[in-house]
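# Structural description and commentary
The primary structure of each chain is shown beneath.
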Amino acid sequence: LNDSTIGFVSQTGWLTAAAVNADAQYVTLQDAGNQIGQISGRAYAGNFAIKSITALQVGTVDSVVGVVGNNAGTVQLNSDALLSINANVTATSGSVALTGNGITLGASKTVQGNSATFSALGTGALNLGAGTISAATTTLQDATSAMTGTILASTFLNLYNIGGTVTQQASS
């Protein structure tokens with residue numbers, strides 16, 4: 001699914017794939033039955049939205065590293081299982097919304113946007129201590145616990161419905 005001149009990458013039915021790289025003007029793969037193991041890609045003109053009912057990781061697919069949404073687009077990654085951020089996630093002028101039954105931010109990885117929201121569905125933990133979050137407004141919510149690393153939130157840091165401890169990784 002790699003062509004920056006294509007207007008939209010979308011779907012009419014569920015998708016099962018070990019790895020998907022999606023590069024287009026707009027990317028929307030949000031069928032409720034999707035089973036995607038690893039994702040990378042670019043939305044050159046707007047939103048990049050992915051949904052998986054299985055564990056999802058951001059990584060390298062077809063030599064493309066991470067996920068980028070350009071031109072005020074939103075990057076939205078949703079997993080009904082664990083969401084692992086093993087490569088950078090960037091919304092150049094927009095927001096990032098990450099949802100998973102637990103979210104892990106990999107070592108030295110960055111999530112960057114005007115705003116960044118991390119939701120662990122109320123049943124998972126937010127393990128963000130190894131990476132960096134850079135967003136004017138950062139929201140951590142609906143988690144059993146949260147461990148943070150470096151958070152560069154120039155406007156607000158919001159914590160909602162964190163059922164257990166909130167800690168910060170040493171040296172961050």
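Refer to the preceding data block for the structure.
Just so it is clear, the structure is predicted and the values come from calculations on it, not from any experiment.

In this section: unusual backbone geometry. Glycine aside, residues mostly have negative phi angles, and peptide bonds mostly take the trans form. A positive phi angle is found at Ser-63, which is not glycine, with a value near 65 degrees. With respect to the helices and strands, Ser-63 occurs in the loop between β7 (60-61) and β8 (64-65). You can call Ser-63 exposed: its relative accessible area is 71%. Here the phi dihedral of Leu-121 falls at roughly 60 degrees; this positive angle occurs in a residue that is not glycine. Position of Leu-121 among the secondary structure elements: in the loop between β15 (110-119) and β16 (126-127). On the accessibility criterion, Leu-121 (41% relative accessible area) is partly exposed.

By the bridge criterion, 2 bridges tie strand β12 (residues 89-91) to β15 in an arrangement that is parallel. Paired with Thr-90 across the strands is Gln-112, a residue of β15. Where strand β13 (residues 95-99) and β15 come together, 5 bridges link them in parallel fashion. In the sheet register, Thr-99 faces β15, and the bridge partner there is Ser-119. Examined bridge by bridge, β15 and strand β17 (residues 132-143) share 9 bridges and lie parallel to one another. The residue bridging Thr-117 from the neighbouring strand is Thr-139, located in β17.

Calculation criteria
Residues numbered from 1 in each chain as written. Predicted model: local features only at pLDDT ≥ 70, side-chain atom pairs only at ≥ 80, totals over all residues. Heavy atoms only, no water. Helix = DSSP H or I, 4+ residues; strand = E, 2+ residues; numbered from the N terminus. Buried < 20%, exposed > 50% of the residue type's maximum accessible area, 1.4 Å probe, protein only. Pairing = 2+ DSSP bridges.

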